[in-house]
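# Chain and residue survey
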Amino acid sequence: MTTRRDGHDAGGAIAGASYLVREVSNPREVAEVRRLVLSHADSRAVTPGVEHMRADALAMPGPYVAPGGAIWLASCGDVGIGCVALRPLGTGLAEVKRMFVDSAWRGRGVGRALLGALIAGARLRDYTRLRLGTLADMTAAHSLYRSVGFVPIERYRPDELVDTHFYEMELG
């Protein structure tokens, strides 16, 4: 199912002012997501643990494959401008991973559209809760997550090497 940015059903993707969000379905789209995640990793080059982000990108689709997982890509034409992935954690529980929006597209609703697509996809997969971790300095991400219903929780991944804040959302 696609939902246009104005909320009307459009047949499978979410359209913004000049971008489209859709679930990744082919190798070209996976390659665009990989490029975006590697770009994000490059921008965080001095962050401890960034090598895990790079390895994850190179292994895509990796843990994000259907039926339990998925990846969404925001694109303008054929160019990826943002991405997010859903990773199964256990019965009824999944994790938001690899949320990234190209800096030229920030502030245009791309992140919110990606997160909305992921939440809808998680509900379709019968998840009841979503979790995520985000770095302390990513203040816009914290605001976005809180605005859609995520609440702070205690650390659930003991392997974090940096100052990460953790959130959870009940999908009800």
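Let me begin by describing the structure that accompanies this report. This one's a predicted model, so the numbers in the text were calculated from it and none came from an experiment.

## Focus on the overall build of the protein
Helix and strand content of the protein: four helices and eight strands. Helices and strands appear in the protein in the N-to-C order β-β-α-α-β-β-β-α-β-α-β-β. Counting every position in the protein, which comprises 172 residues, the buried fraction comes to 47%. At a minimum sequence separation of 6, the contacts of the protein that also span at least 24 residues come to 55%.

## Comments concerning helix α4 (residues 139–147)
For α4, every residue scored as buried is listed here: Ala141, His142, Leu144 and Tyr145. The buried residues of α4 all sit within an arc of 165° when viewed along its axis, so they share a single face. Pointing more than 90 degrees away from the buried face of α4 are the exposed residues Thr139 and Ala140. Where the residues of α4 are buried, they touch β5 (93–101), α3 (110–124), β6 (129–135) and β8 (164–170). Backbone geometry just after α4 places Gly149 at a positive phi near 115°.

## Considerations on the side chain of Arg131
Within the secondary structure, Arg131 sits in strand β6. Within the structure, Arg131 has its side chain in polar contact with the side chain of Glu168 (distance 2.5 Å). Once residues within four sequence positions are removed from consideration, Arg131 is found in contact with Leu93, Ala94, Glu95, Val96, Ile153, Tyr156, Tyr167 and Glu168.

## Some thoughts on the nonpolar core
Of all hydrophobic cores here, the largest spans 31 residues; its most connected members are Trp72, Leu114, Leu130 and Phe150. For this core, the elements supplying multiple residues, two or more each, are β3 (70–76), β4 (79–90), β5, α3, β6, α4 and β8. With eight residues, the single largest contributor to this core is α3. When sequence neighbours within four positions are dropped, the list of residues in contact with Phe150 reads Val96, Leu115, Ile119, Leu130, Leu132, Tyr145, Tyr167, Glu168 and Met169.

## Observations concerning the pattern of salt bridges
Applying the stated rule across the entire model yields eight salt bridges. Its salt-bridge partner being Glu32, residue Arg35 comes within 2.8 Å of it at the nearest N-O pair. Remark: Glu32 and Arg35 occur in helix α1 (residues 27–43); sequence separation between them is three residues, near one turn of the helix. Using a relative accessible area of 14% as the deciding quantity, one classes Glu32 as buried. Put simply, Glu95 and Arg87 hold a salt bridge, and the shortest N to O gap is 2.4 Å. Linked through salt bridges whose partners overlap, the residues forming this network are Arg87, Glu95 and Arg157.

Basis of the calculations
- Residues numbered from 1 in each chain as written.
- Predicted model: local features only at pLDDT ≥ 70, side-chain atom pairs only at ≥ 80, totals over all residues.
- Heavy atoms only, no water.
- Helix = DSSP H or I, 4+ residues; strand = E, 2+ residues; numbered from the N terminus.
- Buried < 20%, exposed > 50% of the residue type's maximum accessible area, 1.4 Å probe, protein only.
- Contact = heavy atoms within 4.5 Å.
- Arc of directions from axis to C-beta.
- Polar contact = N/O pair within 3.5 Å; in protein donor to acceptor, adjacent residues only side chain to side chain.
- Core = buried A, V, L, I, M, F, W, Y, C linked by side-chain atoms within 4.5 Å.
- Salt bridge = Lys/Arg side-chain N within 4 Å of Asp/Glu carboxyl O.

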